Amino acid sequence: MEEKNSYTDINAATWDQWARDGIAWSIPVTHQAFQQAREGQWDVVLTASRPVPHHWFGELSGKRVLGLASGGGQQIPIFCALGAVCTVFDYSQEQLAREQMVAQREGYAVEIVRGDMTQPLPFADESFDLVFHPVSNCYIEDVQHVWEECFRVLRPGGRLLAGMDNGLNFLFNDVGTLPLTVSNPLPFNPLRGSQEELQRMVEQGEGVQFSHSLEEQLGGQLKAGFLLRDLYEDRDPEGSCLLRDYAPQYIATLAEKPGAGL
């Protein structure tokens, strides 16, 4: 492992490989799903499996939407089908390639931007009506920066829809058998732990992942200036792990920048 900031490049390369391997979060929506969305039949997820309530979005037609770390051709095509003007921002070239593929297949325009969300976002203040941010801040160390950048680029009354890991996936070592074994203290930060564990994660293709406290996740949004409007919990899909049978592992939140409504 080289200098500390290189972990985001490692994670981008990890996601490129996962996408080439065909993981679930890199399989673009079908033409049929795109057409159904145009007819009003659609769902998207912020977390592992539970669909986001439609009322969280408000009216999407004509609204400017930022998909933050949302590449893969899964959510942004649906928003475009619903009439939104979309920008997708991601650090994985392979994930962005899937966005381009769907846009070309379906014939819609989308702004595709490659970048590292640990850096200032390359967008002007008050550029968007909605930021859609699925589970991804587990790949960065400082989430407060992201909440503050989301607040900056949203217009007054704009909405932030965010998915996040609650930390339990890092607390337990779930190898598919009981009892579950506690393996890490929380919050988990491999950059501040043993060099051996960090090297193991990288060598096994896991990327460099972090857990974050609720103080960082929910409190961080409030600290950035957001009003928390709603939330729900979620679990990994059935049959994927044992932990999901005992506790939810994810949280999705709806937050709003104070000001005029959408």
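Structure: see above.
This report concerns the structure included in the present document. (Residues numbered from 1 in each chain as written. Predicted model: local features only at pLDDT ≥ 70, side-chain atom pairs only at ≥ 80, totals over all residues. Heavy atoms only, no water.)

V52, F57, F79, F132 and L161 are the most contacted members of the largest nonpolar core, which has 31 residues in total. Of all the secondary structure elements, the ones that give two or more residues to this core are α2 (31–38), α3 (76–81), β2 (85–90), α4 (93–106), β4 (128–133) and β9 (250–256). (Core = buried A, V, L, I, M, F, W, Y, C linked by side-chain atoms within 4.5 Å. Buried < 20%, exposed > 50% of the residue type's maximum accessible area, 1.4 Å probe, protein only. Helix = DSSP H or I, 4+ residues; strand = E, 2+ residues; numbered from the N terminus.)

What follows concerns the sheet that holds strand β1 (residues 64–68). Reading across from one edge, β3-β2-β1-β4-β5-β9-β8 is the order of the 7 strands in this open sheet, with mixed pairing throughout. Edge positions in the open sheet fall to β3 (111–114) and β8 (227–234), since each of these has one partner strand only. Direction aside, the axes of adjacent strands within the sheet are offset by 15 degrees on average. The pairing of β4 with strand β5 (residues 154–165) spans 5 bridges and is parallel. (Pairing = 2+ DSSP bridges. Axes fitted to C-alpha atoms, helices over the stretch in contact; angles between N-to-C directions.)

Our focus in this paragraph is the state of the cysteines. Under the defined criterion, the tally for this structure stands at 0 disulfides. Just so you know, C80 is unpaired, no disulfide at all, and the nearest cysteine sulfur is the one on C86, 3.6 Å from it. Counting only cysteine sulfurs, C138 is the nearest neighbor of C241, a cysteine outside any disulfide, at a range of 14 Å. (Disulfide = S-S within 2.5 Å.)

Moving on, we get to the pattern of salt bridges. One pass over the full model with this rule turns up 11 salt bridges. The closest approach of N and O atoms between R152 and E149, which form a salt bridge, is 2.8 Å. A residue pair is termed a helical-turn pair when its members lie 3 or 4 positions apart in one helix, as R152 and E149 do in helix α5 (residues 143–153) at 3 residues. Notably, a salt bridge pairs D245 with R244, separated by 3.2 Å at the nearest N-O pair. (Salt bridge = Lys/Arg side-chain N within 4 Å of Asp/Glu carboxyl O.)

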